[in-house]
Each structure stands twice: as structure tokens, then as C-alpha cells.
Amino acid sequence: MRVFRTIDSLREWRRSVDGSVGFVPTMGALHPGHRCLMEAAVASNAWALVSIYVNPTQFNDSVDCSTYPTPLQADLAMCEAAGVSAVFLPDFEGLYPDQYRFRVQETRDSAILEGRSRPGHFEGMLTVVLKLLILARADRAYFGEKDWQQLHLVRGLCEAFLLETQIVPIETVREADGLAMSSRNTRLSPAARAKASVLNKVIRGAGSPAEAAEQLVAEGFTVDYVEDWSQRRLA
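Figured I'd write up the structure that's included with this text.

Reading the values: the criteria
- Every residue gets a number counted from 1 within its own chain, in the order that chain's sequence is written.
- Local features in this predicted model are restricted to residues whose pLDDT is 70 or higher, and side-chain atom pairs enter the listing and the counts only when it is 80 or higher, whereas totals over whole chains, interfaces and linings include all residues.
- Side-chain descriptors were evaluated using all non-hydrogen atoms of the structure, hydrogens and water having been removed beforehand.
- A run of H or I in DSSP counts as a helix once it spans at least four residues, and a run of E counts as a strand once it spans at least two, with each numbered from the N terminus.
- For the radius of gyration, the atoms used are the C-alpha atoms, and the globule rule reads 2.2 Å times the number of residues raised to 0.38.
- Exposure classes here rest on a 1.4 Å probe applied to the protein chains alone. A residue is buried below 20% of its type maximum, exposed above 50%, and partly exposed in between.
- Each accessible area is a Shrake-Rupley result for a 1.4 Å probe, and residues are judged covered by the shown protein chains and nothing else.
- Under this scheme, a helix contributes an axis fitted over its contacting stretch, all axes are lines through C-alpha atoms, and angles between N-to-C directions fall in the 0 to 180 degree range.
- In this scheme the handedness of a crossing depends on how the near helix is turned from the far one: anticlockwise by less than a right angle means left-handed, clockwise means right-handed.
- What makes two residues a contact is simply this: any of their non-hydrogen atoms within 4.5 Å.
- Gly is put with the polar residues, along with every residue not named as nonpolar or charged; the nonpolar set is Ala, Val, Leu, Ile, Met, Phe, Trp, Tyr, Cys and Pro, and the charged set is Asp, Glu, Lys and Arg.
- Note on pairing: two strands pair once DSSP finds at least 2 bridges between them.
- For the handedness criterion, the strands are oriented away from the viewer, and a crossover whose path from the first strand over the helix to the second runs clockwise is classed as right-handed.

### Regarding the overall build of the chain
Now for step 1: Regarding its fold elements, the chain presents 11 helices and eight strands.
Now for step 2: By the compact-globule yardstick of 18 Å for 235 residues, the chain fits well, its C-alpha radius of gyration being 18 Å.
Now for step 3: Dimensions of the chain along its principal axes, counting C-alpha atoms only, are 55 × 40 × 35 Å.
Now for step 4: Within the chain, the proportion of its 235 residues that are buried is 47%.
Now for step 5: Surface exposure of the chain reaches about 12100 Å², of which carbon and sulfur atoms provide 50%.

### Side note on the packing of helix H2 (residues 32–44) against helix H4 (residues 72–82)
Now for step 1: Contact pair H2 / H4: the axes reach a minimum separation of 9 Å and the direction vectors enclose 35°. Crossing of H2 against H4: the hand is right-handed. Residues Pro32, Arg35, Met38, Glu39 and Val42 of H2 form the contact with H4, whose own contacting residues are Met78, Cys79, Ala81 and Ala82.
Now for step 2: Here the contact of H2 with H4 is composed, by residue class, of seven nonpolar, no polar and two charged.

### Re the pairing of strand E6 (residues 166–170)
Now for step 1: Taken together, the five bridges between strand E5 (residues 140–144) and E6 define a ladder with parallel strand orientation. When the sheet's bridge partners are listed, Gly144 is paired in E6 with Ile170.
Now for step 2: Each parallel crossover has a hand, and the one from E5 via helix H8 (residues 148–160) to E6 is right-handed.

### Side note on the sheet that holds E5
Now for step 1: The parallel open sheet is built from six strands, whose spatial order is E1-E4-E3-E2-E5-E6. Each having just a single partner strand, strand E1 (2–4) and E6 make up the two edges of the open sheet. Between one strand axis and the next, the sheet turns through 25° on average, direction left out of account.
Now for step 2: Sheet analysis places strand E2 (residues 21–26) next to strand E3 (residues 47–52), joined by six bridges and oriented parallel. Note on E3: the bridge partner recorded for Val21 is Trp47.
Now for step 3: Contacts between helix H7 (residues 121–136) and the sheet are confined to E2, E3, strand E4 (86–88) and E5, with E2 contributing the most and set at about 155° to the helix.

See below:
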């Protein structure tokens, strides 16, 4: 497995390989959900590329960014075990030579749901994904359905900017109690983790979004939104 830290080295590798390339962009702290994305990329392509980068422009909370878990050696070990061909570890200076002066702004679906409570999040996410897709020049890129709004926006990004990369959705991987696997789960206290176990049950079981929100509040959650959108119930 090759590891690249500069854009020039990634570009050189990309020019040197023949056959299809599957790409998995991540922020690290990899878990079995990420491994499913990587395994899908490995299975369907001659080469599989993973990027690991905690992107500061998509955080509206600087503390959340600074405390995001970064177990790099464990992440690299998982990539290698999954059969990944190469890993890209960029830095801010490489990805943002303009200091984020130029950015991608979506004007409709990024302003609802998660976008209402996380101003600037999707702008930063779309900007870095566009940069990474340009660099990867991948035939396919793999995204989890857990972040459904993100998946929807990335698909729209590729269509709007005429990118040839096919966006491949991968089903959400869950813990035994139904909680979606997430890098942030490692930051939950035992009590918070036990409490989180009711999320999936309530969201799936409630008759309406309003009923789900009411039940979650009764369980002690602060609810930003529960809405049925794009044939999914999102919360």
C-alpha cells in the first residue's frame, strides 16, 4: 500500500496506473462502516484510493474539529487489511492554497435539515469533496447512506460540475443495537452510548416525524430536526 502526503506525489501515482480507480474520501477514525466502503472500492476496481483528512472548513464548531479522533496508524492498518492500493494524507496548505477564498456554495438543499443547525458545514464539505474528486480522477467514489443529505448533495455536485466520477452509495452499517456506526461514537460516555441506543428504534418506529421528535425529547435528547425527506426519515 502506498501512502502519499503531497498532491504532486498523488498525481504522479494517478498518472502511472491503468484500469479503474475507486475512491473513498474519509476524515479518518475509521470503523467497519468505512471498511465496507473500502471493500466495495477494492472489489469493483483495479485500484482503490482512500483519503484521510479532517477538513476544518466543514466544522462550524472549532472545538469539535480540534477534538476529532485521529488514530492514523490504526486507520492505515485498516486500509491495508481491506486491500487498499493507496492512501492520500493531504494537509490544509496543499488543499487550500487560496486559504478557502474560493468555495462551493449550494443554494437550496444545503440550507435545510442538518444545514440549518450547522451553518457552513455543507459549503466546506462540498468544497473539499470537489477538490478530492478532481485529484483522484476516480471512476467511482463511495459514500455511506448514513449521511443521506451529504450523499444527495455530492451527487448534485458531480452533476452540476460535469464530473465523470460515478457516486456509489453504500448501506449504513449499524451496531448490534441499531445505532449507526460513526467516528464520533468513540467520544460518547458509557451513559451517553447507552442512551443513543434508542435513536434508531424511535426514528424507525414512530408513526410520524413529529411523534419521533416528541419521543426523543421524552428520552432526554435535544432535537434539531426529524423530517421525512427524499424518501427517508432523517434526524
